[in-house]
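# Structural description and commentary
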Amino acid sequence: MKEISNILTAYQNMNPATTKAALATVVRVEGSSYRRTGARMLIMDNGMWVGGISGGCLEGDALKRARLAMAQARPTLVTYDTTDDDAYQIGVGLGCNGIIDVLIAPINEAEPTAINLLKDCVTSDRQTHILLTVTQVNGLVEGLTIGDMRVYSGPDSLSVFGDEQAIELLDNVVRKYIAKGKSAPVSLGLSDGRSIELFVEVIPPVPHVVVMGQQYDVYPLVRLINELGWQATVVANPQKITKAFFSQANALVAPADFDTIPIDEQTAFILMAHDFNTDRANLPKALATNAPFVGVLGPRVRTERMVTELAAEGVFISLEERVHAPVGLDIGATSPEEIALSIVAEIKAVLSGRDGSSLRLRQAPIHERE
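Described below are features of the structure shown in this document. (Residues numbered from 1 in each chain as written. Predicted model: local features only at pLDDT ≥ 70, side-chain atom pairs only at ≥ 80, totals over all residues. Heavy atoms only, no water.)

## A closer look at helix α2 (residues 59-72)
Compared with an ideal rise of 1.5 Å per residue, which puts 14 residues at 20 Å, α2 spans 20 Å between its outermost C-alpha atoms and is within 8% of the ideal. Within α2, burial applies to E59, D61, A62, L63, A66, A69 and M70. Of the residues trailing α2, A73 is marked for its positive phi of about 55°. (Helix = DSSP H or I, 4+ residues; strand = E, 2+ residues; numbered from the N terminus. Expected span 1.5 Å × (residues − 1). Buried < 20%, exposed > 50% of the residue type's maximum accessible area, 1.4 Å probe, protein only.)

## A look at empty space enclosed by the protein
For the coordinates displayed, the defined rule picks out one cavity of 30 Å³ or more. Surrounding the largest cavity, D217, L221, M272, P336, I339, A340 and I343 form its lining. Per-element tally for the lining of the largest cavity: the top contributor is helix α9 (residues 336-351), with four residues. Grouping the constituent residues of the lining of the largest cavity by class yields six nonpolar, no polar and one charged. (1 Å grid on protein atoms, 1.4 Å probe; cavity = no way out; pocket = protein on both sides within 12 Å on 5 of 7 lines; lining within 4 Å. Points joined across faces, edges and corners; volume = space filled by probe spheres on them. Nonpolar A, V, L, I, M, F, W, Y, C, P; charged D, E, K, R; others polar.)

## A look at the packing of helix α5 (residues 218-228) against α9
In the contact formed by α5 and α9, the axes pass within 8 Å of each other and the chain directions differ by 50°. Comparing the axis directions of α5 and α9 gives the class oblique. Where α5 crosses over α9, the handedness of that crossing is right-handed. Facing α5, whose interface residues are P220, L221, R223, L224, I225 and L228, α9 presents P336, E337, A340, L341, I343 and V344. Residue classes in the contact of α5 with α9 are distributed as 10 nonpolar, no polar and two charged. (Axes fitted to C-alpha atoms, helices over the stretch in contact; angles between N-to-C directions. Parallel < 35°, antiparallel > 145°, perpendicular 65-115°, else oblique. Left-handed = near helix turned anticlockwise from the far one by under 90°. Contact = heavy atoms within 4.5 Å.)

## Considerations on the sheet that holds strand β12 (residues 251-253)
Strand order in the open sheet made by the six strands is β12-β11-β10-β13-β14-β15, with parallel pairing throughout. Whereas interior strands pair on both sides, the edge strands pair on one side only; in this sheet they are β12 and β15 (323-324). Pairing geometry for strand β13 (residues 267-271) and strand β14 (residues 293-296), over four bridges, is parallel. Each residue of the ladder has a partner; that of I270, found in β14, is G295. (Pairing = 2+ DSSP bridges.)

Written out as structure tokens, the structure is:
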């Protein structure tokens, strides 16, 4: 989401009277690639770009192709094959062994549909957004051209894509991708032989970290959350937080207003008050929510003592799977900055369904493949 935000900011600061722009989006990846589907870059005809579709090796060629697309006012689908031994193939020699389809679509300043839809994803309430982008049309399909982007909001939003059978098939595929939280291309065949290639993009809300504490080590954690483009809510007494710190957090909530915090499947709690009684009181509050991650700073025995004392008071909780105590990955962190890195890394691993171990120990490819 941070990449989208940076693209929107760059577009807003661009002068459309003197500069044209196009969006380049990775819509299909076969095999290995540095960036995955949904990676984007805003390309301007003055040679500037924001974002990226690779590790820097394809951007120069994408700039040339984007300039041509802008001059012709016509979207184009470009395939980069890094498995090809052809010396003239862009990307050869990278060793990625992947095939990447990139849709390059000029932005119509009079009606910047893609920009507006992406802006809705960033500015609207926390929810999962599903965008459908047409990447190819085989045969004339009224109302659809390459580069068209539409919002999926259920079967009724798919009427433009064809007959009832095709719509049902597409709806089932989209729902499957939503459940898996992944973006992927889809081939949709119509009953009369025509076909449409689509990129189904699932954009979940960014991770939301609720930090319950107000000591100095909260600062580097919030700074790192900001750098990632995530959201940070700090639960603390407003009178004990400096104005400079408040400006870094997305929200500052007083303990009495805990129930006003929005919680969803991308929310993580971090209990780091450095006060045993405060953390003990906050643990059952955090577990009463549906947040998938509840982390407690400090040694395991400290958290076990909390559970024992709470049980003696009639509050029974278990150190279930979503409780991470001590919180963080085992990287040997000692400073507040390193501890913040450890915590954020574990949150990312859990929300991504990974175990946080070294990639060299992973038997499967780094990214899931069809």
